[in-house]
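Notes for the structure review
Chain by chain, the residues run as shown.
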Amino acid sequence: REQREHSLGSGVILSADGYIVTNNHVVAKATEIEVMLSDRRVFKAKIVGTDPRSDVAVIKIEGKDLPTVPWGDSNSLKPGAIVMAFGNPFGLSFTVTRGSVNAVGRSGLGIEDYEDFIQTDAAINPGNSGGPLVNVRGQVVGINTAILSASQGPQGGGWNGVGFAIPSNVVQYVMESLIRTGKVTRGYLGVTVGALNPALARQFNVPDLSGALVNHVEPDSPAARAGLKPGDVLRSFNSQNVDNPARFLSLVASTSPG
């Protein structure tokens, strides 16, 4: 017996010729993808590439002079900043909710391999996945991807005031890689890192608990050739602050090899 399953999600057009960013889990098992724009035009879409490790996917519709939204710098986001979430919660098309950034650099949730989430209280519900998180300048600063729900875990249930978005700087790198090569090639250093606690911070003479503690360095790796050693504390990477190990891994993964 033939069975057909329909799924709803959101996305955002980021190029005038029809490249759209959404979540991998929105399109992962799709046999057909339809995109409806805010003017109610409907397009067939094809998958350009997916990256399950970051839960980012790029799809393409055939069009020209399509309305687009500019990227914003997610590294400049601070808790308290006003943001808006756009999407289709429960199939209610073209819904906008407003809230603030509650935290940045959220990790350890077990949702994705690379977690460096923006946490927001802008209402995000099933159907919002893949939609943009936008700042007051109308720039995309994140892609909404998950919620914490007491009823059904991080991917299900309704809004409890805790939602997560993938930072735009991560999404932009993944999108450009998928469009250019169809896959994502990530940077590699060759270190295993861990978190600091008060005792380790005193032992290694660092002023606070930010950073990533190097536990192991692979022989003949880029890290070894650069002189990194176990016991080093990494406080910044490519001029970006390293608040915790997950942030460090995300920064490395969003850097092209070389």
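Everything that follows concerns the structure shown earlier in this document.
Quantities reported herein were computed from a predicted structural model and do not represent experimental measurements.

**Remarks on the side chain of Ser-177**
- Residue placement: Ser-177 occurs in helix H2 (residues 168–181).
- Here Tyr-173 takes part through its backbone oxygen, which lies 3.0 Å from a polar atom of the side chain of Ser-177.

**Here's the deal with the pattern of salt bridges**
- What the rule picks out here adds up to 8 salt bridges.
- Of the charged contacts, one joins Asp-39 and Arg-41 as a salt bridge, the two residues approaching to 2.8 Å between their closest N and O atoms.
- Under the relative-accessibility criterion, Asp-39 is labelled partly exposed at 43%.
- Between Asp-51 and Arg-186 there is a salt bridge, with the nearest N and O atoms lying 2.4 Å from each other. Remark: Arg-186 occurs in the loop between H2 and strand E12 (191–194) and Asp-51 occurs in strand E4 (residues 42–51); sequence separation between them is 135 residues. Residue Asp-51 shares its accessibility class with Arg-186, and that shared class is buried.
- A single network of salt bridges, built from pairs that share partners, joins Glu-32, Glu-34 and Lys-44.

**Description of the sheet that holds strand E6 (residues 82–87)**
- With antiparallel pairing, 6 strands are arranged side by side around a closed barrel as E6-E7-E8-E11-E10-E9. Geometrically, the sheet is characterised by an average inter-axis angle of 45 degrees between neighbouring strands, direction not taken into account.
- When strand E8 (residues 117–120) meets strand E11 (residues 163–167), the two strands line up antiparallel, connected through 3 bridges. For Gln-119, the partnering residue across the bridge sits in E11 and is Phe-164.
- The sheet strands contacting H2 are strand E10 (140–147) and E11, and the helix crosses E11 at an angle near 50 degrees.

**Examining the pairing of strand E13 (residues 212–217)**
- By the bridge criterion, 4 bridges tie E12 to E13 in an arrangement that is antiparallel. Residue pairing in the sheet places Val-193 in a bridge with Val-214 of E13.
- Sheet topology places E13 next to strand E14 (residues 233–234); 2 bridges connect them, and they run antiparallel. By the bridge assignment, Ala-212 is partnered in E14 with Leu-234.

**Topic: the pairing of strand E3 (residues 33–36)**
- With burial as the criterion, only one face of E3 is covered, namely that bearing Ile-33 and Val-35; the residues Glu-34 and Met-36 on the opposite face remain uncovered.
- Judged from the 4 bridges that link them, E3 and E4 form a sheet pairing that is antiparallel. From the neighbouring strand, Glu-34 faces E4, where its bridge partner is Lys-44.
- What sits between E3 and E4 in their antiparallel hairpin is a turn of 5 residues, with Arg-40 showing a positive phi close to 75 degrees.

**Remarks on unusual backbone geometry**
- Even without a glycine there, the phi angle at Asn-205 is positive, about 60 degrees.
- Of note, Ser-239 is a non-glycine position whose phi angle comes to about 70 degrees, a positive value.

**Brief notes about the environment of Ala-195**
- Checked against the element boundaries, Ala-195 lands in the loop between E12 and helix H3 (198–203).
- Residue classification places Ala-195 among the exposed residues on the basis of a relative accessible area of 51%.
- Once the C-alpha coordinates of Ala-195 and Gln-240 are considered, the two residues, 45 residues apart in sequence, prove to be 17 Å apart.
- With residues up to four places along the chain from it excluded, the contact list for Ala-195 reads Leu-200 and Pro-245.

Cut-offs applied
Residues numbered from 1 in each chain as written. Predicted model: local features only at pLDDT ≥ 70, side-chain atom pairs only at ≥ 80, totals over all residues. Heavy atoms only, no water. Helix = DSSP H or I, 4+ residues; strand = E, 2+ residues; numbered from the N terminus. Polar contact = N/O pair within 3.5 Å; in protein donor to acceptor, adjacent residues only side chain to side chain. Salt bridge = Lys/Arg side-chain N within 4 Å of Asp/Glu carboxyl O. Buried < 20%, exposed > 50% of the residue type's maximum accessible area, 1.4 Å probe, protein only. Pairing = 2+ DSSP bridges. Axes fitted to C-alpha atoms, helices over the stretch in contact; angles between N-to-C directions. Contact = heavy atoms within 4.5 Å.

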